[in-house]
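# Structural characterization, general
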Amino acid sequence: PENSINKYDPFLVTEFNRGIEIHLPGQQPTSKANMELFQTQDDATNFDLGFTYKNIDGLPWALHVMQSIKYPTENSDFSSAYVHFRSWAESGGVTYTDWYLQNN
């Protein structure tokens with residue numbers, strides 16, 4: 001079997017509503033997702049481009065980090081806790097690939 005992180009698709013269901021799914025960026029929703037929620041509020045999903053579960057700036061709705069990281073304090077902006085996170089996300093993961101090592 002192929003061991004590829006791209007084939008790994010954990011996701012959350014939120015607010016006790018099966019139709020609200022939060023996947024890793026680039027993943028597809030299940031058949032039970034409420035498709036009317038895409039491109040509302042901060043969501044910038046574009047299925048034709050494979051741009052899913054991100055906002056217009058490219059910030060993901062969910063993360064998969066391959067090691068333990070410190071969580072920011074409750075209600076804190078994640079990019080304030082990890083100063084290079086926003087640059088990493090907006091670059092599509094090209095720059096600051098070690099963003100998670102530089103915690104405030």
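Everything numeric in this text was worked out from a predicted model, so none of it was measured. (Residues numbered from 1 in each chain as written. Predicted model: local features only at pLDDT ≥ 70, side-chain atom pairs only at ≥ 80, totals over all residues. Heavy atoms only, no water.)

This next bit is on the overall build of the protein. Each helix and strand in the protein was counted, giving two helices and two strands. Secondary structure of the protein in N-to-C order comes out as β-β-α-α. Structurally, the protein occupies a C-alpha span of about 40 × 40 × 25 Å along its principal axes. Within the protein, buried positions represent 26% of all 104 residues. (Helix = DSSP H or I, 4+ residues; strand = E, 2+ residues; numbered from the N terminus. Buried < 20%, exposed > 50% of the residue type's maximum accessible area, 1.4 Å probe, protein only.)

A few words on the packing of aromatic side chains. Tallying each qualifying case throughout the model produces ten aromatic pairs. Consider the rings of Phe38 and Phe47, whose centres lie 5.0 Å apart with planes at 70 degrees: the pair is edge-to-face. When its relative accessible area of 15% is taken as the criterion, Phe38 is described as buried. Among the aromatic residues, ring-to-ring pairing joins Phe78, Tyr82, Phe85, Trp88, Trp99 and Tyr100 into one connected group. (Phe/Tyr/Trp six-rings, centres within 6.5 Å; stacked < 30°, edge-to-face > 60°.)

Let us look at the nonpolar core. Counting residues in hydrophobic clusters, the biggest one holds eight residues: Leu59, Val65, Ile69, Ala81, Tyr82, Phe85, Ala89 and Trp99. Non-local contacts of Tyr82, meaning those with residues more than four positions away in its chain, are made with Ile69, Lys70, Trp99, Tyr100, Gln102 and Asn103. (Core = buried A, V, L, I, M, F, W, Y, C linked by side-chain atoms within 4.5 Å. Contact = heavy atoms within 4.5 Å.)

Mapped onto the fold, Ser79 is located in helix H1 (residues 78–81). Residue classification places Ser79 among the buried positions, given a relative accessible area of 16%. Within the structure, the side chain of Ser79 is placed 2.8 Å from the side chain of Asp77, a separation counted as a polar contact. For Ser79, the contacting residues outside a window of four places in its chain are Phe85 and Arg86. (Polar contact = N/O pair within 3.5 Å; in protein donor to acceptor, adjacent residues only side chain to side chain.)

All told, the structure shown has three salt bridges when counted by the stated rule. Put simply, Arg18 and Glu21 hold a salt bridge, and the shortest N to O gap is 2.7 Å. Across the pair Arg86 and Asp57 runs a salt bridge whose closest N-O atoms are separated by 3.7 Å. Of this pair, Arg86 sits in helix H2 (residues 85–90) while Asp57 sits in the loop between strand S2 (21–23) and H1, placing them 29 residues apart in sequence. Through salt bridges with shared partners, a single ionic network connects Asp57, Arg86 and Glu90. (Salt bridge = Lys/Arg side-chain N within 4 Å of Asp/Glu carboxyl O.)

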